[in-house]
Amino acid sequence: DKGFLVLDNYVSSQEVDDVKKKLIFDKKKMNCSYARLIVRPKTIIEKILKDESIKKILINYLGKDVKLDLLEANSYHGNSEKISSSEKWHYDIVGKRIKIFLFLDDCQTIYTEYVDSTNNIFHKYYSSRGSRVTDSFINKKFKKITKIIPKKGSLLIFDTNGFHRGVYRNNKILSENSDRQMIQMEFSSKSKSDKLVNLNCNSIGVRNIFFSKDCDLKDYLIDNNYSNIFLDENFIFYDQEYSTQ
């Protein structure tokens, strides 16, 4: 009803530490660094993808054709010189879609704010400029804003159609943990995302995901039409644009 759900202590601290040891955040974008990921059996990433309770939430909310679109590990930096558009109040330009954040650390200074129960609004403008609104607009129109503080091992599930923003600027950052590390997933309805991709929208649709060949893909919410198996390689490349070329 609120547009978001938080599952505390979804995985143990030790499980998180095991994942973090293998992450190298060496790709840069704005105020964020990215790490390469390959989904492997018996990992916390697979645990999320196979979780029947989470799959039930996704199917009931987005429809039976829901699928995984994006998977990445990222590390957001506080007080970055570059300002991200996600720092402004906004809804994502693709409308209803589910994002899942698995937090890899505790972080009091970098977090997400969500305007409760704005997930079912039908917006007039689904554009980068039209989807951004001011603080005064939010404070005037809505009463309840929830601050979602990252806790190590916790899971945040939310609808990107609701008003939300990332808070990356805080005076405390100089004395506290200045990075928020997490694994991010995106899920959308195939029928919807296919239409948007055909309209040259690059913010939705299956893109740039790797699975180990040891994974059983039928256990995940994916579209097998976009699974690309390479000879003499030990991974499966899951990508919509590559498959349609």
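Student: Is there a simple way to explain helix α3 (residues 52–62) in this structure?
Tutor: For an α-helix, 3.6 residues make a turn, and residues three or four places apart therefore share a direction. Taken together, the buried positions of α3 are I54, K55, L58 and L62. Angularly, the buried residues of α3 cover 100° about the axis, an arc narrow enough to put them on a single face. Exposed residues on α3 whose side chains face more than 90 degrees from its buried face are E52, S53, K56 and N60. Packing partners of the buried residues in α3 comprise α2 (44–50), β4 (66–77), β6 (98–103), β10 (155–159) and β12 (179–189).

Student: Help me understand the pattern of salt bridges, please; the structure alone is not making it clear to me.
Tutor: Pairs can form between side chains of opposite charge once their charged atoms are near each other. Overall, the coordinates contain 17 salt bridges when judged by the stated rule. Two residues, R97 and D92, come together in a salt bridge whose shortest N-O distance is 2.7 Å. D92 gets classed as buried once you look at its relative accessible area, which sits at 8%. The salt bridge involving R97 is made with E186; its shortest N-O contact spans 3.1 Å. With a gap of 89 residues between them, R97 in the loop between β5 (89–90) and β6 and E186 in strand β12 connect regions that are remote in the sequence. A single burial state applies to R97 and to E186, both of which are buried. Linked through salt bridges whose partners overlap, the residues forming this network are D92, R97, K99, E186 and R207.

Student: What is the right way to read the environment of S191 from this model?
Tutor: By the element assignment, S191 lies in helix α5 (residues 190–198). Among the residues examined, S191 registers a relative accessible area of 39% and is labelled partly exposed. Within polar-contact distance, the side chain of S191 engages the side chain of S189 at 3.0 Å.

Student: Even after reading the chapter, I still don't get the sheet that holds strand β13 (residues 209–212), so can you show me in this structure?
Tutor: Strand pairing in a sheet relies on backbone hydrogen bonds, with the paired strands running either antiparallel or parallel. Strand order in the open sheet made by the 3 strands is β13-β15-β14, with antiparallel pairing throughout. Lying at the two open borders of the sheet, with one neighbouring strand each, are β13 and β14 (227–229). Taking the axes of each pair of neighbouring strands and ignoring which way they run, one obtains an average angle of 30° across the sheet. With 3 bridges connecting them, β14 and strand β15 (residues 235–238) associate as antiparallel partners. Across the sheet, the residue bridging to N228 is F237, located in β15.

The rules behind each value
- Residues numbered from 1 in each chain as written.
- Predicted model: local features only at pLDDT ≥ 70, side-chain atom pairs only at ≥ 80, totals over all residues.
- Heavy atoms only, no water.
- Buried < 20%, exposed > 50% of the residue type's maximum accessible area, 1.4 Å probe, protein only.
- Helix = DSSP H or I, 4+ residues; strand = E, 2+ residues; numbered from the N terminus.
- Arc of directions from axis to C-beta.
- Contact = heavy atoms within 4.5 Å.
- Salt bridge = Lys/Arg side-chain N within 4 Å of Asp/Glu carboxyl O.
- Polar contact = N/O pair within 3.5 Å; in protein donor to acceptor, adjacent residues only side chain to side chain.
- Pairing = 2+ DSSP bridges.
- Axes fitted to C-alpha atoms, helices over the stretch in contact; angles between N-to-C directions.

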